[in-house]
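# Topology and contacts: notes
The chain contents come next:
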Amino acid sequence: MLIYRDNVFTQHDTGKHPECVARIERVNAMLEANQWTTRATCPEWEAASRASIEKVHKTVYYDQLKTWCDAAAGRIEADTVVSRGSWEAASRAAGAAIDSVQRVVRGEDARAFCAIRPPGHHALASGPMG
């Protein structure tokens, strides 16, 4: 089992939004309490590159999201919140997803768990979505 986790994910500050720092802290505590972090491989990985992100998201959205994060814009749509720490967290989260899939496909392990945030699973190609 591969496990991806990093303290950078606590820097994505969403305030009182349900997708908050406490959720990832609880996941990490559970991983440690059940000794998953010592039984699994915890690889090093890089943040996703612009080129990798632009395979999924439009350039204009990439640039806008970076601007919003740099400005700590807060709520950028009905259910999406960004802070100054969101860009690095999101880039590392995307990098973890990419790296984990590549390692599993190469046969380095049969499965991976990414304890990452922001989740990003609703994002559109051209904009955010809660």
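Structure's up top.
Small disclaimer: the values here were computed from a predicted structure and weren't measured.

## Quick look at the pattern of salt bridges
- Applying the stated criterion to the full structure yields nine salt bridges.
- With a closest N to O distance of 3.1 Å, Lys66 and Asp70 form a salt bridge. Residue Lys66 and its partner Asp70 are both found in helix α4 (residues 59-70); the two are separated by four residues, about one turn of the helix.
- Under the relative-accessibility criterion, Lys66 is labelled partly exposed at 30%.
- Salt bridges sharing partners connect three or more residues here, namely Asp99, Arg103, Arg106 and Glu108.

## What about the pairing of strand β2 (residues 74-77)?
- Pairing of β2 with strand β3 (residues 80-82), which is carried by three bridges, proceeds in the antiparallel orientation. Of the residues in β3, the one forming a bridge with Gly74 is Val82.
- Between β2 and β3, which follow one another and run antiparallel, lie two residues.

## So, the packing of aromatic side chains
- Using the criterion set out here, one finds two aromatic pairs in the structure.
- Look at Tyr4 and Trp45: their rings are 5.2 Å apart centre to centre, the planes differ by 65 degrees, and that puts the pair in the edge-to-face class. Of this pair, Tyr4 sits in strand β1 (residues 2-4) while Trp45 sits in the loop between α2 (36-39) and α3 (50-53), and the two are 41 residues apart along the sequence.
- On the basis of relative accessibility, which here comes to 7%, the residue Trp45 falls in the buried class.
- Seen in terms of ring centroids, Tyr62 and Trp87 are 5.0 Å apart; in terms of plane orientation they differ by 90 degrees. Their pairing is edge-to-face. Of this pair, Tyr62 sits in helix α4 while Trp87 is found in helix α5 (residues 86-106), placing the two residues 25 residues apart along the sequence.
- If you follow Arg39 out to its NZ or CZ, it ends over the ring of Trp36, 4.2 Å from the centre.
- When the ring centre of Trp45 is taken as reference, the NZ or CZ atom of Arg92 above it lies at 4.1 Å.

## Description of unusual backbone geometry
- Each neighbour pair has its own omega, and for Arg117 with Pro118 the value is 0 degrees, a cis peptide bond.
- Structurally, Pro118 is set in the segment after β4 (112-114).
- Backbone geometry at Gln35 places phi at a positive 60 degrees, although glycine is not the residue there.
- Positioned with a positive phi, Ala72 is a non-glycine residue whose angle comes to about 50 degrees.
- With respect to the helices and strands, Ala72 occurs in the loop between α4 and β2.

What counts and how
Residues numbered from 1 in each chain as written. Predicted model: local features only at pLDDT ≥ 70, side-chain atom pairs only at ≥ 80, totals over all residues. Heavy atoms only, no water. Salt bridge = Lys/Arg side-chain N within 4 Å of Asp/Glu carboxyl O. Helix = DSSP H or I, 4+ residues; strand = E, 2+ residues; numbered from the N terminus. Buried < 20%, exposed > 50% of the residue type's maximum accessible area, 1.4 Å probe, protein only. Pairing = 2+ DSSP bridges. Phe/Tyr/Trp six-rings, centres within 6.5 Å; stacked < 30°, edge-to-face > 60°. Lys NZ or Arg CZ within 6 Å of the ring centre and 35° of its normal.

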